[in-house]
Amino acid sequence: MISLHPLEKKVLKVLSENFQTLKEISKKAGLSEIETLRALGWLKNKGLVELLEKEEKTIKLTFLGKKYLEKGLPERRLLDLLKEKKEIFLADLVKYDFDPNEVSASIGVLKKRESIEVKEGKIILKKEDVDLLEEKVLQKLNKEKPLSEFSEDELKILEDFQKRRGLVEIKSKKEYAAKLTEKGKETAEKVEYKEEIGILTKDLLVKGEWKSKEFRAFDLTLPVYSKSFGKKNVYLLFLDYIRDKLVGLGFKEMKGNFILNNFWNMDCLFMPQDHPAREIHDTFYVKNLKPFEIPKNLLEKVKEEHLRCWKYWNDEFSKKVVLRSQVTALSALTMAREDLEIPGKYFAIEKVFRPDEIDAKHFLEFYQLEGIVLDEKITFRDLISLLKLLAKEIIGTEDVKLYPAYFPFTEPSVEMFAKHPNLGWIEVGGAGIFREEVTKPFGINVPVIAWGLGIDRLAMIALEIEDVRDLHTYDVNKLKSVPYSKILCQK
Amino acid sequence: MPKVEIYFSDLKKLISKEVSLSEVEELLSYAKCEVEEVEGDVIKVESKDSNRPDLWSVEGIARIIKGILGVENGIPKYYTQDSGKKVIVDNNIRFIRPYIACAIVKDVNLGEEGYHSLIQLQDKVMQTYGRKRKKVAIGTSNLDLIEFPVYYKAVKPEEIKFVPLYGEKEMTLKEILEKTEKGKEYGWILREFSFYPILVDNKNEVISFPPIINSNTVGRISPETKNIFVDVTGTDWEAVLTSLNVMVTALADRGGKIEKVEVVYLDKSVKTPMLEAKSISLDLNKVRKLLGVDISNEKVEELLKKMRYDVERIDKDVLKVSYLNYRSDIFSWRDVFEDVCIAYGYNNIPYKKLEVSTVGKLKTETNFLRIIRDIMVGLKFIEVHTPVLMSKSFLNLLDLECIELENPVSENYDSIRPYIFPNILEAFVYNKKEELPLQLFEVGLTARKKRDDPEESYNLAFGIMDTKTTLNQIREAIEFIFTNLGVKYRVEQENYSFFVPGRSGKIVVEGAGIGFFGEVHPKILENLDLYYPVSICEINISKILKFVF
């Protein structure tokens with residue numbers, strides 16, 4: 001037995017082998033037309049009824065059309081005026097209360113019937129007796145009529161009325177009729193019209209009425225739509241997931257200001273102040289902010305290293321306030337802290353800012369993942385091994401290639417490529433041992449290894465995002481539809 | 001970093017050994033070059049080290065590859081002899097562009113490849129190492145047209161006229177700066193001076209106008225030029241000498257014979273180029289310790305020779321390591337150590353478990369933000385993540401002051417957001433056709449100006465847009481948030497220009513204002529073309545955190 005909704009049952013009961021209109025059916029079933037139509041739709045899907053759908057177009061006058069029906073069409077009024085005057089200047093028509101918008105249409109109608117001609121700005125009457133079909137059509141529209149009641153010629157005029165003159169509007173209306181199919185007939189005979197429980201209510205429970213009734217089965221083939229529920233941002237969830245991985249590997253999180261001065265962002269990382277990469281195009285500078293205090297001792301030592309190796313230093317430049325352009329600045333701030341732990345492992349996933357052309361590959365702000373390890377016994381081999389471990393833990397691959405690289409603050413420096421199951425070799429990050437020129441001014445005398453991974457790139461791969469701007473999307477539909485499980489796709 | 005185009009056939013000729021294209025990628029990595037594109041015979045590489053101008057040419061790359069392949073090892077050998085020629089430096093150049101070093105290279109076989117490489121190297125050295133020609137500029141001229149001695153001096157901008165390289169008519173120095181492409185590009189270097197540098201020969205023929213352009217006669221070379229005069233001028237003597245060394249060694253690798261030129265300053269006279277070995281001592285135990293691999297002294301010596309160093313054992317575990325002074329990147333033993341690692345092969349270093357045992361931990365802030373985000377999701381809000389950079393004009397619409405960027409790249413992102421609720425409003429605008437109600441929130445970075453200091457904080461902003469929404473919905477959410485955070489708070493009536501008067505308030509914790517909420521004023525909604533009511537709340541999380549912990 002097919003499971004039927006109470007609405008379906010009510011409708012089925014009143015249907016017969018002959019077509020009945022929707023109006024008739026809904027009246028007999030005691031339902032609204034919308035409810036009836038819904039039930040008919042379901043029944044049709046189950047093959048129990050045959051549903052006919054007929055669309056009928058009707059036409060009726062607009063406000064302007066009604067006005068003309070009352071006052072007469074402007075072409076009739078123009079003809080009457082000409083009968084009296086024989087000829088008239090176009091410019092004078094306004095005086096006789098003609099709407100300038102309608103003048104050209106009226107002249108067109110009369111010219112077509114060779115009733116007038118226009119010469120040197122004057123309208124001249126040629127023929128008085130004209131048969132104006134437009135007028136007949138207008139009068140026929142004293143009430144809404146189906147389009148089928150109009151002749152071919154009349155339809156042409158109606159088209160002109162609708163499209164060019166805005167005198168009429170066409171409405172379409174759907175008519176429905178339904179009858180039982182063979183299968184429907186059989187089903188209808190078997191239907192038990194016993195009372196069923198749709199929604200279980202408190203009343204039914206308290207009074208125990210459910211005991212004497214049957215529960216209506218729910219049709220699980222009907223679709224449902226998820227409404228507005230809460231959801232975390234999947235991109236941020238991905239970053240959280242990576243943070244948790246790093247905590248699992250024994251790293252402590254670092255945090256710090258994103259507005260700082262050149263000194264922390266680059267100078268203390270041994271990046272020469274006159275280096276082309278430091279020009280205005282690569283860092284955002286901030287207006288009218290006071291520079292931060294820099295520990296004097298540290299400042300002097302950093303300056304000394306710059307002067308020794310780069311032979312260039314500018315105090316004012318060092319003080320300029322910028323937006324953090326690399327998370328390594330956070331490592332520097334951490335190394336300057338009094339509670340720095342040696343041995344120690346630190347990491348940060350934080351935002352950095354860089355001026356760039358905005359396109360599918362570049363946005364002005366993005367996250368970077370960086371970590372440092374400080375220990376007397378740490379080696380380059382440890383760094384290489386750590387990179388391999390990160391590739392395994394974060395990207396899920398043991399297939400990595402390491403290349404020599406260059407970063408101003410590390411020596412030796414290395415770049416890592418990893419083989420992604422779908423994308424092939426991708427560049428995933430860089431690393432190195434901080435130069436002694438970097439660590440010494442902080443009073444650190446053990447090797448410090450530093451590594452960074454392009455975390456946004458990894459997020460885009462995990463979330464299957466192709467345009468980097470989508471990481472900052474405003475689109476609620478996109479936010480709702482990305483499955484959480486995507487962030488786990490990297491083992 | 002410098003991008004260099006090399007010809008594969010040319011590279012093979014220079015390393016005098018047959019290698020396949022598939023081997024080349026790995027070989028190039030020893031010279032810190034990454035292949036970006038291969039197009040027929042042309043290999044486009046990115047040279048990753050901005051302090052190694054010696055690696056920015058096919059000749060320099062070939063030098064390293066020869067070492068790796070065992071074709072040659074140790075310091076590359078270059079012979080120089082005296083040319084007996086002089087360059088006389090006028091004292092009046094002292095405060096403008098004080099240094100010059102020159103060289104003569106004879107019998108070079110440039111050809112198309114060599115010419116292309118030379119011009120490219122010259123350009124890359126000037127751009128990156130030479131800080132866009134300010135620190136170092138290089139000229140290459142046709143030696144056969146020069147009558148020595150050559151004079152380097154400062155002249156008035158309109159004193160001398162010559163035809164600039166690839167130009168058609170004579171121009172004064174002033175006109176060159178104003179009218180030629182190079183003049184416009186590099187004129188800034190000379191802007192502050194009333195005299196300009198010039199290099200002329202004994203017949204007063206202009207060789208070059210450093211750091212702008214060469215002359216079209218003497219100062220022009222072609223693939224057929226055999227004898228070349230190289231001049232390097234600049235503001236840093238060491239950098240000038242290094243650049244000259246980089247240039248002449250590349251030319252010598254193409255068969256050129258290097259000759260010294262005597263540069264006569266007022267107070268001294270030097271013969272350049274000064275190609276010589278410099279040295280640094282290397283403690284082999286330190287190398288072993290930092291590498292983390294047990295490697296013999298002999299192996300380290302062998303690796304260093306491959307990377308074109310000479311080595312000499314001066315103690316049981318100490319080496320004297322010498323290198324040719326086209327390298328200016330060696331500040332300490334670490335720079336030599338890196339070359340040991342590179343020659344050993346990064347991919348040959350075996351995996352080892354990390355032994356540094358530490359306790360991992362998130363910042364309290366991070367945990368706190370997570371809790372807040374969990375609460376918001378429980379309240380059926382969807383989390384958005386929007387940019388920290390915002391448009392000032394949008395913030396002005398809300399009467400909000402902000403920290404502005406000095407060099408924005410777009411008006412849409414020319415300021416730092418002081419609050420997050422403007423982003424929430426933008427999100428409502430973006431999603432106004434979506435199904436209602438819309439409940440959005442964000443926890444993120446903000447910064448405001450407090451006197452002249454920036455005040456950064458993590459803020460929470462959330463908002464509701466619906467066919468009808470009242471302040472109570474927001475207040476219910478606030479109540480739920482603070483109950484779950486375990487923080488006592490109260491609200492006080494307070495008016496804000498962006499809220500409907502009388503329908504807004506501030507949130508107070510421990511006597512301090514830490515947030516605000518209200519119904520957004522219809523004048524703002526109208527401005528944003530939003531025709532549904534919106535209520536919002538903004539809370540400074542960093543401040544609450546201080547009270548909780």
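Described below are features of the structure shown in this document.

For chain A, the count of helices and strands is 19 helices and 18 strands. Taking 491 residues into account, the globule formula puts the C-alpha radius of gyration at 23 Å, and chain A, at 41 Å, lies well above it. Seen along its three principal axes, the alpha-carbon backbone of chain A occupies a region of about 110 × 90 × 45 Å. Going through the 491 residues of chain A one by one, you find that 51% of them count as buried. Considering only contacts within chain A whose residues lie at least 6 apart along the sequence, 69% involve residues at least 24 apart. Carbon and sulfur atoms form 50% of the exposed surface of chain A, whose accessible area is close to 24600 Å².

Here we take up the pattern of salt bridges. Any two side chains of opposite charge can pair, given that their charged atoms come close. All names here are of chain B. Using the criterion set out here, one finds 74 salt bridges over all chains in the structure. Arg313 is the salt-bridge partner of Glu301, the closest N and O atoms lying 2.6 Å from each other. Note that Glu301 is positioned in helix α9 (residues 297-306) and Arg313 in strand β17 (residues 310-315), a separation of 12 residues in sequence. Here Arg313 falls in the partly exposed class, since its relative accessible area comes to 36%.

In this assembly, 91 residues from chain B lie in contact with 102 residues from chain A. For the pair chain B and chain A, the summed buried area comes to about 8800 Å², and 56% of that belongs to carbon and sulfur atoms. For the pair chain B and chain A, the interface holds 12 salt bridges. A salt bridge links Lys320(A) to Glu406(B), with the shortest nitrogen-to-oxygen separation between them at 3.2 Å. In this structure, the connection of chain B to chain A is made through 51 residue pairs in polar contact (both at pLDDT 80 or more). Residues belonging to the side of chain B that touches chain A are distributed by class as follows: 40 nonpolar, 18 polar and 33 charged.

Moving on, we get to the packing of aromatic side chains. Applying the stated criterion across every chain yields a total of 31 aromatic pairs over all chains. Ring plane angle 45 degrees and centroid distance 5.7 Å describe the contact between Tyr99(B) and Trp237(B), whose orientation is recorded as tilted. Note that Tyr99(B) is positioned in strand β5 (residues 99-106) and Trp237(B) in helix α7 (residues 237-252), a separation of 138 residues in sequence. Residue classification places Tyr99(B) among the partly exposed residues on the basis of a relative accessible area of 28%. What makes Trp237(B) buried here is its relative accessible area of 17%. Measuring from ring centre to ring centre gives 5.8 Å for Phe498(B) and Phe516(B), while their planes differ by 55 degrees; the resulting arrangement is tilted. Of the two residues, Phe498(B) is situated in the loop between β25 (490-493) and β26 (499-509) and Phe516(B) in strand β27 (residues 512-520); the sequence distance between them amounts to 18 residues. The same class applies to Phe498(B) as to Phe516(B), namely buried. Joined through ring pairs, the aromatic side chains of Tyr419(B), Phe421(B), Tyr496(B), Phe498(B), Phe499(B) and Phe516(B) make up one cluster. Stacked on the ring of Trp425(A), the Lys or Arg Lys401(A) has its end atom at 4.5 Å from the ring centre. The lysine or arginine in question, Arg63(B), covers the ring of Tyr326(B), its NZ or CZ lying 4.9 Å from the ring centre.

Take the sheet that holds strand β20 (residues 389-390) of chain B next. All names here are of chain B. Taken together, the 3 strands give an open sheet; going across it, the order is β20-β22-β21, and neighbouring strands pair in antiparallel fashion. Whereas interior strands pair on both sides, the edge strands pair on one side only; in this sheet they are β20 and β21 (403-404). When β21 meets strand β22 (residues 415-416), the two strands line up antiparallel, connected through 2 bridges. Across the sheet, Ile403 pairs through a bridge with Ile416, a residue of β22.

Residues and elements named next belong to chain A. Taken together, the side chains of Glu33, Glu56, Glu149 and Glu175 define an acidic patch exposed on the protein surface. Looking at the secondary structure, you find Glu149 in the loop between β6 (145-146) and α8 (152-165). Judged by its relative accessible area of 43%, Glu149 is partly exposed.

Looking now at the packing of helix α1 (residues 8-15) of chain B against helix α3 (residues 58-69) of chain B. All names here are of chain B. Contact pair α1 / α3: the axes reach a minimum separation of 9 Å and the direction vectors enclose 50 degrees. On the basis of the axis angle, α1 is oblique to α3. Here α1 runs over α3; the crossing is right-handed. Contacts between α1 and α3 pair Asp10, Leu11, Leu14 and Ile15 from the former with Val58, Glu59, Ile61, Ala62, Ile65, Lys66 and Leu69 from the latter. For the contact of α1 with α3, the class distribution of residues is 8 nonpolar, no polar and 3 charged.

How two helices sit against one another is set out by the angle between their axes and by the gap between those axes. Residue and element names in this part refer to chain A. The contact between helix α5 (residues 74-85) and helix α6 (residues 100-112) brings their axes to 8 Å, and the two run at 70 degrees. On the basis of the axis angle, α5 is roughly perpendicular to α6. Contacts between α5 and α6 pair Pro74, Glu75, Leu78 and Leu79 from the former with Glu102, Ser106, Ile107, Val109 and Leu110 from the latter. Taken together, the residues of the contact of α5 with α6 sort by class into 6 nonpolar, 1 polar and 2 charged.

Before going further, it helps to examine the nonpolar core. Membership of the largest hydrophobic core comes to 204 residues, with the highest contact counts inside it found for Phe380(A), Phe229(B) and Phe462(B). The contact partners of Phe462(B), leaving out residues within four places of it in the chain, are Met376(B), Phe381(B), Leu440(B), Phe441(B), Ile474(B), Ala477(B), Ile478(B), Ile481(B), Ser535(B), Ile536(B) and Cys537(B).

This next bit is on helix α3 (residues 33-45) of chain A. Residues and elements named next belong to chain A. Its 13 residues give α3 an end-to-end C-alpha distance of 18 Å, which sits within 8% of 18 Å, the value for a rise of 1.5 Å per residue. Of all the residues in α3, the buried ones are Thr36, Ala39, Leu40, Trp42 and Leu43. Down the axis of α3, the buried set is contained in an arc of 160 degrees. They therefore lie on one face. Looking at α3, the residues exposed on the side facing more than 90 degrees away from the buried face are Ile34 and Asn45. Looking at the buried side of α3, the elements it contacts are α1 (6-14), α2 (22-29), β2 (49-61) and β7 (168-180). Downstream of α3 by one or two residues, Gly47 has phi in the positive range, about 80 degrees.

Residues and elements named next belong to chain B. The topology assignment puts Lys156 in the loop between β7 (150-155) and β8 (161-162). Assessed through its relative accessible area of 48%, Lys156 is described here as partly exposed. Residues Lys156 and Phe195, spaced 39 residues apart in sequence, show a C-alpha to C-alpha distance of 4.7 Å. Not counting the four nearest positions on each side in its chain, Lys156 is found in contact with Leu173, Ser194 and Phe195.

Parameters at a glance
- Residues numbered from 1 in each chain as written.
- Chains lettered and ligands numbered in written order.
- Predicted model: local features only at pLDDT ≥ 70, side-chain atom pairs only at ≥ 80, totals over all residues.
- Heavy atoms only, no water.
- Helix = DSSP H or I, 4+ residues; strand = E, 2+ residues; numbered from the N terminus.
- Rg over C-alpha atoms; globule rule 2.2 N^0.38 Å.
- Buried < 20%, exposed > 50% of the residue type's maximum accessible area, 1.4 Å probe, protein only.
- Contact = heavy atoms within 4.5 Å.
- Areas by Shrake-Rupley, 256 points an atom, 1.4 Å probe, with all protein chains shown as cover.
- Salt bridge = Lys/Arg side-chain N within 4 Å of Asp/Glu carboxyl O.
- Buried area = accessible area lost by both parts, 1.4 Å probe.
- Polar contact = N/O pair within 3.5 Å; in protein donor to acceptor, adjacent residues only side chain to side chain.
- Nonpolar A, V, L, I, M, F, W, Y, C, P; charged D, E, K, R; others polar.
- Phe/Tyr/Trp six-rings, centres within 6.5 Å; stacked < 30°, edge-to-face > 60°.
- Lys NZ or Arg CZ within 6 Å of the ring centre and 35° of its normal.
- Pairing = 2+ DSSP bridges.
- Patch = residues over 30% accessible without salt bridge, like charges linked within 9 Å, V, L, I, M, F, W, Y side chains within 5 Å.
- Lys, Arg positive; Asp, Glu negative; His and termini not counted.
- Charge placed at Lys NZ, Arg CZ, Asp CG, Glu CD.
- Axes fitted to C-alpha atoms, helices over the stretch in contact; angles between N-to-C directions.
- Parallel < 35°, antiparallel > 145°, perpendicular 65-115°, else oblique.
- Left-handed = near helix turned anticlockwise from the far one by under 90°.
- Core = buried A, V, L, I, M, F, W, Y, C linked by side-chain atoms within 4.5 Å.
- Expected span 1.5 Å × (residues − 1).
- Arc of directions from axis to C-beta.

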